[in-house]
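Structure assessment
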Amino acid sequence: RYAVVDAYNRLLLVNAPTFETEHILYETGQFNDILFSNDGNWFALAVERRIELYDANSGELVSRLDNLSEALSVVGPLAFSRDDNLLKFEGVYRAPRSIRIRENQTINVPWLWNLTAARNEGDSTFPRQLEAWQFYDYRNGFVIGPNDQIIAALPGRLQIVDAYTLEQ
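Residues numbered from 1 in each chain as written. Predicted model: local features only at pLDDT ≥ 70, side-chain atom pairs only at ≥ 80, totals over all residues. Heavy atoms only, no water.

**Quick word on the sheet that holds strand β3 (residues 21-26)**
In plain terms, the rule: Paired strands, in this sense, are two strands between which DSSP finds at least two bridges. The way it works is that DSSP assigns letters per residue, a run of H or I at least four long becomes a helix, a run of E at least two long becomes a strand, and they are numbered from the N terminus. Orientation is described by lines fitted to C-alpha atoms, with helices fitted over the stretch in contact, and by angles between N-to-C directions that extend from 0 to 180 degrees.
Pairing within the open sheet is antiparallel, and its three strands lie in the order β1-β2-β3. The sheet is open, and its two borders are formed by β1 (2-5) and β3, each paired with just one other strand. Strand-to-strand twist of the sheet, defined as the mean angle between neighbouring strand axes without regard to direction, takes the value 25°. Inspection of the sheet shows β1 paired to strand β2 (residues 11-14) by four bridges, in the antiparallel sense. Each bridged residue has a counterpart across the sheet, and for tyrosine 2 the counterpart in β2 is valine 14.

As structure tokens, this is what we get:
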């Protein structure tokens, strides 16, 4: 299957061999990024100021995050961990006054969402068992690398963090 925004601004999940619409997820919206999980069972959507997770087979909304510390929007690039139990996305925020050059300047701050907890399949492994974790200090670059290690850019160096425990 694949996802498409059609001519009417509807977000659809489509059967690839037959081109038939399987599910209409939205009739209209501001879709910032979309991504299927590695195994194709999950579909992540960054829409307006929230992130949503769907069962790609049924089209059912499984979970969503929409209280992201006053984010102006939620954007990609989206990235699933290799085992599809974590999702990386970014929130767009007003830049702190101390680093602003212009009044309306924004910054992108990475987040990790523990999908095991979001899907009610188990507890979060993040500190205090939070379902999602904001990485404000790693806004210079942030990727999920091999073996579920976060590679984060800091001024003058890289930081390696375990994606599940958030330990360095």
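From this point, things continue past the structure.
**Topic: the sheet that holds strand β9 (residues 86-94)**
Ordered by their spatial adjacency, four strands build an open sheet running β8-β9-β10-β11, and the pairing between neighbours is antiparallel. Edge positions in the sheet fall to β8 (73-80) and β11 (132-134), since each of these pairs with one other strand and no more. Shown here is a sheet whose adjacent strand axes are inclined to one another by a mean of 25°, direction ignored. Looking at chain direction, strand β10 (residues 106-114) and β11 are connected through three bridges and run antiparallel. If you follow tryptophan 111 over to β11, its bridge partner there is glutamine 134.

**Observations regarding the side chain of aspartate 84**
Quick reminder of the rule: Note on classification: 1.4 Å probe, protein chains only; a residue is buried when its accessible area is under 20% of the maximum for its type, exposed when over 50%, partly exposed between these limits. Residues scored as positive are Lys and Arg, those scored as negative are Asp and Glu, and His as well as the terminal groups of each chain are ignored. Salt bridges are identified by distance alone: a Lys or Arg side-chain nitrogen within 4 Å of an Asp or Glu carboxyl oxygen. Counting of polar contacts relies on pairs of N or O atoms within 3.5 Å, with two restrictions inside protein: one atom must be capable of donating a hydrogen and the other of accepting it, and residues adjacent in sequence are counted only when both atoms are side-chain atoms. Residue contacts are counted whenever heavy atoms from the two residues lie within 4.5 Å of one another.
For aspartate 84, the position within the fold is in the loop between β8 and β9. It is arginine 119 that comes nearest to the buried, bridge-free aspartate 84 among opposite-charge side chains, at 6.9 Å. Within the structure, the side chain of aspartate 84 is placed 2.9 Å from the backbone nitrogen of asparagine 38, a separation counted as a polar contact. Not counting residues within four places of it along the chain, the set of residues in contact with aspartate 84 comprises Ser37, Asn38, Asp39, Leu115 and Arg119.

**A short note on the nonpolar core**
Most often, soluble globular proteins have nonpolar side chains that are buried together. Threshold: To qualify as a nonpolar core, a set must consist of buried Ala, Val, Leu, Ile, Met, Phe, Trp, Tyr and Cys residues joined through side-chain atoms within 4.5 Å.
Judged by nonpolar contacts, the single largest core of 22 residues is most densely connected at Ile51, Leu68, Leu87, Phe89 and Trp113. Listing elements by their share of this core, those giving two or more residues are β5 (42-47), β6 (50-55), β8, β9, β10 and α1 (115-118). Top element by residues in this core is β10. It accounts for four residues. Setting aside chain neighbours within four positions, we find phenylalanine 89 in contact with Ile51, Leu65, Leu68, Val74, Val75, Pro77, Leu78, Val109, Pro110, Trp111 and Trp113. Listed in part, the 14 residues of the second largest apolar core include Phe126, Phe135, Tyr138 and Phe142.

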